[in-house]
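Notes for the structure review
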Amino acid sequence: MKHVIVGNGAAGTTAAELIRSKDPAAAVTLITDEPYALYNRVALPRYIKSLVPEDKVVMRSPAQFTAAGIRFLPESRVAGVSVQEHTVLLDPGGELPWDRLLIATGGRPNPLAVPGGNAPNVHNFQTLNESKAILSDLSHARSGVTVGGSFIAYELTEGFRHHDVDTTWLIRGPRWLRRILDADGGRLVDHIAREHGVHMVYGEEVAEVTVKDGLAVGVTTTAGRSLPCDLVGVGLGLTMNIDFLAGSGIATHRGVLTDRFLRTSVPDVFAAGDVAEFDDVVLGRHNMMGTWDNALAHGRVAAVNMMGGEAPYVDVPTYQSGLFDTIISVLGMTPENHPDLESVGAVDVAARTCRKLFFLGDRLVGAVLIGSIRGKRLLMDMIRSGTPVPISERRALLDAR
Ligand SMILES: Cc1cc2nc3c(=O)[nH]c(=O)nc-3n(C[C@H](O)[C@H](O)[C@H](O)COP(=O)(O)OP(=O)(O)OC[C@H]3O[C@@H](n4cnc5c(N)ncnc54)[C@H](O)[C@@H]3O)c2cc1C
């Protein structure tokens, strides 16, 4: 059986290794357009703070793949898929046949699409190479601008401040994570960021990057504000890597549509990780979740099903991250991807906590907890079990322990 896996992140690598360990006769090819074997994207924020070296970020070597019997093709882009011929088209050149195909291509960061936005010291933050370039610029930067209301924009801002770079954070909307937090939650995060020396600016975007001698030296905002800087960090969201599937017949929406078994609309073709828009059994609708644990779990489920099994993906995706000197935990579904969810929330600025719960009909389907993860286990259990919560009892759940 020939298994071809496109994308060597947490999802693709997990699937490749599991297939080879369960079926030593299987031919497994793992393809990536990056130059590296698996590395830990979650460790990149610590890497740009110089808290972990590169060799602790990298998790696999090409030699380990060879030893595991996995054919590894770095710096190779899959440019197209033929479901009739059962082949993928490689760039540069060549075709590869498959019996089972896994699409685990994740997303790519949206660029800063303004004049000057492609200067070499204007950085996205998704890959190890981008992180190396950021770290190199941070070593001599005195001032920086970060852009966006996303988790990545926050990670960049924290990274810049860690190096004592005077940092202005531009957020187009009224607050960070504007679809998830309400005004009070936004005020709390604003307060925490300012305590860490960040200059916060809302309601303005970058209109232009000023470039001198080939490098960005400042940005001008849509409100005419001029901000001199030595580097720019951009966190404007991800576009899923599905372009190469155009015309293939594999159904896509924001990502690759799958059922609960991570099977796509085409037999023998599967999708996993960030790029999979999967039928979420626990939450009862299609869902996407850009988290490391979700990618690992998807990789395992996809591998089982590519080998002929019938395992559904049944889990509540979670995400936990530092937030300057506190933490943020995200469980299940949020209005980021599902704007129709109802919510209740409570913020205590003095205690530096924010709790927000999300409901679909009478079910708790997600939560965001800042500052304290008290009650997380109970909330996870309730999301998993789908226990009905009458409207009159929603607020009481904010005190879950
Ligand atoms: C800076 C940063 C911090 C993060 N922090 C956290 C965190 O704290 N907690 C958490 O849970 N998650 C975090 N995440 C998210 C998490 O890292 C991702 O959800 C996870 O790594 C996704 O894995 P994946 O296997 O689905 O895809 P990816 O890791 O994106 O891998 C996909 C690979 O496929 C390649 N590819 C794409 N198209 C093609 C093609 N046509 N041909 C060949 N190769 C292709 C891509 O270049 C890439 O190498 C963070 C992400 C970043 C960038």
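Residue positions are counted from 1 within each chain, in the order its sequence is given. For this predicted model, a pLDDT threshold of at least 70 governs which residues receive local features, and a threshold of 80 or more governs which side-chain atom pairs are given and counted, while totals over whole chains, interfaces and linings are taken from all residues. Excluding hydrogens and water, the side-chain values take into account all heavy atoms of the structure.

A few words now on the packing of aromatic side chains. Aromatic pairing here means that ring centres of Phe, Tyr or Trp (its six-membered ring) are within 6.5 Å. Orientation follows from the plane angle: under 30 degrees is stacked, over 60 is edge-to-face, and everything else is tilted. Tallying each qualifying case throughout the model produces seven aromatic pairs. Judged by centre distance (5.2 Å) and plane angle (85 degrees), the ring pair of F278 and Y313 falls under edge-to-face. On the criterion of sequence distance, the pair formed by F278 in strand 20 (residues 276-280) and Y313 in the loop between helix 8 (292-306) and strand 22 (318-323) is long-range, its members being 35 residues apart. When accessible area is computed with a 1.4 Å probe and restricted to protein chains, residues below 20% of their type maximum are described as buried, those above 50% as exposed, and intermediate ones as partly exposed. Here F278 falls in the buried class, since its relative accessible area comes to 1%. Here Y313 falls in the buried class, since its relative accessible area comes to 3%. Through a chain of ring-to-ring contacts, three or more aromatic side chains come together here, namely F151, Y154, W176, Y319 and F324. The positively charged end of R394 is found above the aromatic ring belonging to F359, 4.3 Å away from the centroid. In DSSP terms, a helix is any run of H or I states spanning at least four residues, a strand is any run of E spanning at least two, and both are numbered starting from the N terminus. Charges are assigned to positions over rings by a cutoff of 6 Å between ring centre and Lys NZ or Arg CZ, combined with an angular limit of 35 degrees from the ring normal.

It is worth spelling out the site of the ligand at this point. Only a single heavy atom is needed: when it lies within 4 Å of a molecule or strand, its residue is near that molecule or strand. Residues in contact with the ligand amount to 31 residues; listed here are only the nearest, D33, E34, R41, V78 and D274. Residues adjacent in sequence count toward polar contacts only when both atoms are side-chain atoms; beyond that, a polar contact is any pair of N or O atoms within 3.5 Å, and within protein one must be able to donate a hydrogen and the other to accept it. The contact in question runs from an oxygen atom of the ligand to an N or O atom on the side chain of D33, over 2.5 Å. The contact in question runs from an oxygen atom of the ligand to an N or O atom on the backbone of W292, over 2.9 Å. Relative to its free-state accessible area of 1,000 Å², the ligand is covered by the protein chains to the extent of 93%. Of all the secondary-structure elements, those providing two or more residues to the shell around the ligand are helix 1 (10-22), strand 4 (77-82), helix 8 and strand 22. For this scheme, ten residues count as nonpolar: Ala, Val, Leu, Ile, Met, Phe, Trp, Tyr, Cys and Pro. Four count as charged, namely Asp, Glu, Lys and Arg, and the remainder, Gly too, count as polar. Partitioning the shell around the ligand into residue classes produces 13 nonpolar, 13 polar and five charged. Marked domain ranges trace back to an automatic or database domain assignment. Counting contributing residues, the shell around the ligand receives three or more from each of domain 1 (2-106 + 241-306) and domain 2 (110-234). Where accessible areas are quoted, they stem from the Shrake-Rupley method and a 1.4 Å probe; at the residue level, only the protein chains shown are allowed to cover.

Looking at the element boundaries, R352 is found in the loop between strand 24 (342-348) and strand 25 (353-360). Among the residues examined, R352 registers a relative accessible area of 19% and is labelled buried. Among the polar contacts listed, one links the side chain of R352 to the side chain of E195, at a separation of 2.5 Å. We call two residues in contact whenever any of their non-hydrogen atoms come within 4.5 Å of each other. Apart from residues no more than four positions distant in its own chain, R352 is found in contact with L188, I192, E195, D325, I370 and G371.

Turning next to the domain arrangement of the chain. What the domain assignment reports for the chain is domain 1 (2-106 + 241-306), domain 2 (110-234) and domain 3 (319-399). Here domain 1 and domain 2 have C-alpha centroids that lie 30 Å from each other. At the junction of the two partners, domain 1 supplies 15 residues and domain 2 supplies 15 residues. Across the interface of domain 1 and domain 2, roughly 1,400 Å² is buried in total on both sides, 65% from carbon and sulfur atoms. Two parts placed together each lose some accessible area under a 1.4 Å probe, and the buried area is that loss summed for both. Considering only the side of domain 1, the residues that lose the most area to domain 2 are Y47, I48 and K49, jointly responsible for 46% of the buried surface there. We define a salt bridge as a contact between a side-chain nitrogen of Lys or Arg and a carboxyl oxygen of Asp or Glu at a distance within 4 Å. Counting every contact that joins domain 1 to domain 2 gives two salt bridges. For E158, the salt bridge goes to K49, with nearest N and O atoms at 2.7 Å. At the surface where domain 1 touches domain 2, the tally comes to eight residue pairs in polar contact (both at pLDDT 80 or more). Looking at the side of domain 1 that touches domain 2, the elements that each hand over two or more residues are helix 2 (44-48) and helix 3 (54-57). Examining the composition of the side of domain 1 that touches domain 2, we find that four residues originate from one element, helix 2, more than from any other.

Attention now goes to the sheet that holds strand 18 (residues 256-257). Paired strands are those between which DSSP finds at least two bridges. Taken in spatial order, the three strands of this open sheet run 18-20-21, and their pairing is mixed. Of all the strands in the sheet, just strand 18 and strand 21 (285-287) have a single pairing partner and so form its edges. Sheet topology note: the strand 20/strand 21 ladder contains three bridges and is antiparallel. Across the sheet, the residue bridging to D280 is R285, located in strand 21.

Among the secondary structure elements, L188 is positioned in helix 7 (residues 183-195). Classification of L188 by relative accessible area gives buried; the value is 0%. Residues contacting L188, with those up to four places away along its chain left out, are V347, V349, R352, T353, C354 and I370.

Once that is clear, we can look at the pairing of strand 13 (residues 206-212). In this sheet, strand 14 (residues 215-221) lies alongside strand 13 in antiparallel orientation, the contact comprising six bridges. Within the sheet, the bridge partner assigned to V211 lies in strand 14 and is A216.

For strand 2 (residues 27-31), the buried fraction is high: four of the five residues fall into the buried class. Summarising the sheet, strand 1 (residues 2-6) and strand 2 pair through five bridges and their orientation is parallel. Looking across to strand 2, one finds that H3 is bridged to V28. When the strands point away from the viewer, a crossover counts as right-handed if the route from the first strand across the helix to the second turns clockwise. Handedness of the crossover joining strand 1 and strand 2 through helix 1 is recorded here as right-handed. Across four bridges, the pairing between strand 2 and strand 3 (residues 70-73) is parallel. Counterpart to V28 in the pairing with strand 3 is I70.

The subject of this paragraph is the pattern of salt bridges. Tallied over the full model, the rule gives 19 salt bridges. One salt bridge connects K132 with E54, and the closest N-O pair in it is separated by 3.2 Å. Taken together, the residues K132 in helix 5 (residues 128-138) and E54 in helix 3 connect sequence positions 78 residues apart. Overall, E54 belongs to the partly exposed group, its relative accessible area being 29%. In this structure, D243 engages R108 in a salt bridge whose closest nitrogen and oxygen atoms are separated by 3.0 Å. In this pair, D243 sits in the loop between strand 17 (238-240) and strand 18 while R108 sits in strand 8 (residues 107-109), placing the two residues 135 residues apart along the sequence. With a relative accessible area of 34%, R108 lands in the partly exposed category. Each of E195, D325 and R352 takes part in salt bridges that share partners, so that together they form one network.

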